[in-house]
Amino acid sequence: MKAVVLTENAHLVCREVPVNEIPGWYRIRIAFAGICGSDIGRGFRNGAYHYPLIMGHEFSGVIEDAPEGGRYPVGLRAAIYPLLPCGKCEACAAGAIQQCSHYDYFGSRRDGAFARILYVPEANIIPVPDHVTLEEAALSEPAAVARHAIFSHAIPGHARALVIGGGPVGLLAAQWLRIRGSAEVTVADISPAKLEFAARLGFQTVFSPELKNREKSFEVCVEACGLNVTRNAAISCCARGGHIFLIGNPADTLEMERSVYSSILRKELSFSGSWNSCPEPDWRDVLAHAGKDLDLRSLITSIRPLREAAETFRELLNGGGVMSCKTLLNCQEE
Ligand SMILES: [Zn+2]
Ligand SMILES: [Zn+2]
């Protein structure tokens, strides 16, 4: 089959590879696979767990072959939960598989979806309802990660909310806040193009450097960048008794002015961290809301054939001023 192989850091090639057939698992013909910011880090900056690696952890497909006695039929359209829990650790025993300490993962620890075919176990198959397209279903993973974060803590019904970071996960978190009843959701970013995009989705926007004029303005803040400057801004912008959702993977070492730290105490702020997502309830809820009050379609700014993966990555790396939110690879297109 055709696959996009990361052979070493910063080197992607589209080539023929053998299909890794796994008895007892479902054979999935992959429809669409999203390129995640983490794939850019994994492929071109921080390095991967091992080489060669087929990346791709955000994807949808169709069951092409099912194991005997399997619950799902051939032809079923599916979103695939990319995490394979060990089933033995303390977190797994407690049902918190997203916190598994020895998990495997499609597209990072084992081969993933930038390919025509992938074998997956039954527990990772999430049926896609008729009203959701396979393009939209390929965004289930980031949408579920954002849902998992925003539902990790009770928040007041009509909270004024701020999301710092206008990338796909930030915009998905903003949508979940709206679904949870936030009266007004503001998205902050340093990129005018991202702010324009957020405005088109119906959000208020603020240019990040101007957040210094919005102290104590928001009851709920979401930090979706993972930088000191954005963490500190979230704390400053949070109102008395407010809550901060931390979802940005840290890109630097935590540093904080004493006065900012002190304001956490004075304002009695609370924080929640979150990691990954769970099939239940996150993925089920994503697919129930998709195409209704959860707009996944508008986040897809480009769909490219699998064979153009390397140049697509190069374009995303260079940025080039072109606005891109979510880029999908069409894994079947010749
Ligand atoms: Zn991702
Ligand atoms: Zn485990």
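A short tour of the structure in this document, coming up. For every chain, the first residue of its written sequence is number 1, and the numbers climb from 1 along that sequence. Chains and ligands are labelled by the order in which they are written, letters from A for the one and numbers from 1 for the other. Local features in this predicted model are restricted to residues whose pLDDT is 70 or higher, and side-chain atom pairs enter the listing and the counts only when it is 80 or higher, whereas totals over whole chains, interfaces and linings include all residues. In computing side-chain values, all of the structure's heavy atoms are included and hydrogens and water are not.

A few words on the coordination of the zinc ion (ligand 2). Bound to the zinc ion (ligand 2) on the protein side are Cys86 (SG), Cys89 (SG), Cys92 (SG) and Cys100 (SG), at distances that span 2.3 to 2.4 Å. Coordination at the zinc ion (ligand 2) comes from four donor atoms whose angles at the metal span 102 to 120 degrees, giving a geometry best classed as tetrahedral. A 2.8 Å cut-off from the metal defines N, O and S donors, relaxed to 3.2 Å for Na, K and Ca; water is not in the atom list, so some sites may appear incomplete. Only two sets of limits are used to name each site, 85 to 135 degrees for every angle of a tetrahedral four-donor site, and over 155 degrees for opposite donors with all other angles from 65 to 115 for a square planar four-donor or octahedral six-donor site, with any other site named irregular.

Those donors, Cys36 (SG), His57 (NE2) and Glu58 (OE), are the protein atoms that reach the zinc ion (ligand 1), and they lie 2.1 to 2.7 Å from it. For the zinc ion (ligand 1), all donor residues lie on one chain, and their spacing in sequence is C-x20-H-E. In this pair, the class of His57 matches that of Glu58, namely buried. Accessible area is worked out with a 1.4 Å probe on protein chains only. A residue is then buried under 20% of its type maximum, exposed over 50%, and partly exposed in between.

Basic side-chain nitrogens of Lys or Arg form a salt bridge, by our definition, when they fall within 4 Å of a carboxyl oxygen of Asp or Glu. Within this structure, the stated rule accounts for 16 salt bridges. Across the pair Lys326 and Glu58 runs a salt bridge whose closest N-O atoms are separated by 2.8 Å. In this pair, Lys326 sits in strand β17 (residues 326–330) while Glu58 sits in strand β4 (residues 58–65), placing the two residues 268 residues apart along the sequence. When sorted by exposure, Lys326 lands in the same class as Glu58, which is buried. Glu308 is the partner of Arg307 in a salt bridge, and the nearest nitrogen-oxygen pair spans 3.4 Å. Connected via shared salt-bridge partners are Arg304, Arg307, Glu308, Glu311 and Glu315. Put simply, DSSP marks the helices as runs of H or I at least four residues long and the strands as runs of E at least two long, and each gets a number from the N terminus on.

The subject of this paragraph is the environment of Glu135. Checked against the element boundaries, Glu135 lands in helix α3 (residues 134–137). Separated by 193 residues in sequence, Glu135 and Leu328 have C-alpha atoms that sit 7.9 Å apart.

For Phe, Tyr and Trp, rings pair up if their centres lie within 6.5 Å, where Trp contributes its six-membered ring, and each pair is then called stacked (planes under 30 degrees apart), edge-to-face (over 60) or tilted (otherwise). Under the defined criterion, the tally for this structure stands at eight aromatic pairs. Ring geometry for Phe59 and Phe106: centres 6.3 Å apart, planes at 85 degrees, overall edge-to-face. Here the residue Phe59 occupies a position in strand β4, and Phe106 occupies one in the loop between β7 (104–105) and β8 (117–120), the gap between them amounting to 47 residues. The residues Phe59 and Phe106 share a single accessibility class, namely buried. Ring geometry for Phe151 against Trp176: centres 5.9 Å apart, planes inclined by 85 degrees, an arrangement best described as edge-to-face. Within this pair, whereas Phe151 is found in the loop between α4 (140–150) and β10 (160–164), its partner Trp176 is found in helix α5 (residues 168–179), the two being separated by 25 residues in sequence. Given a relative accessible area of 32%, Phe151 falls into the partly exposed group. Note on Trp176: relative accessible area 0%, which makes it buried. A ring is considered to have a charge above it if a Lys NZ or an Arg CZ atom is located within 6 Å of its centre and within 35 degrees of its normal. In this structure, Arg147 packs its charged tip against the face of Phe151, placed 3.9 Å from the ring centre. Between the NZ or CZ atom of Arg180 and the centre of the ring of Phe151, over which it lies, the distance is 4.7 Å.

For two strands to be treated as a pair, DSSP must find no fewer than two bridges joining them. The strand order β12-β11-β10-β13-β14-β15 describes an open sheet built from six strands, whose pairing is parallel. Of all the strands in the sheet, just β12 (204–207) and β15 (270–273) have a single pairing partner and so form its edges. Shown here is a sheet whose adjacent strand axes are inclined to one another by a mean of 20 degrees, direction ignored. Where strand β13 (residues 218–223) meets strand β14 (residues 238–246), five bridges bridge the pair, whose relative direction is parallel. When the sheet's bridge partners are listed, Val222 is paired in β14 with Phe245. Running at roughly 170 degrees to strand β11 (residues 184–189), α5 makes contact with β10, β11 and β13 of the sheet. Helix axes are fitted only over the stretch in contact, all axes being lines through C-alpha atoms; the angle between N-to-C directions runs from 0 to 180 degrees. Residue contacts follow a heavy-atom distance rule, with two residues in contact if any of their heavy atoms lie within 4.5 Å.

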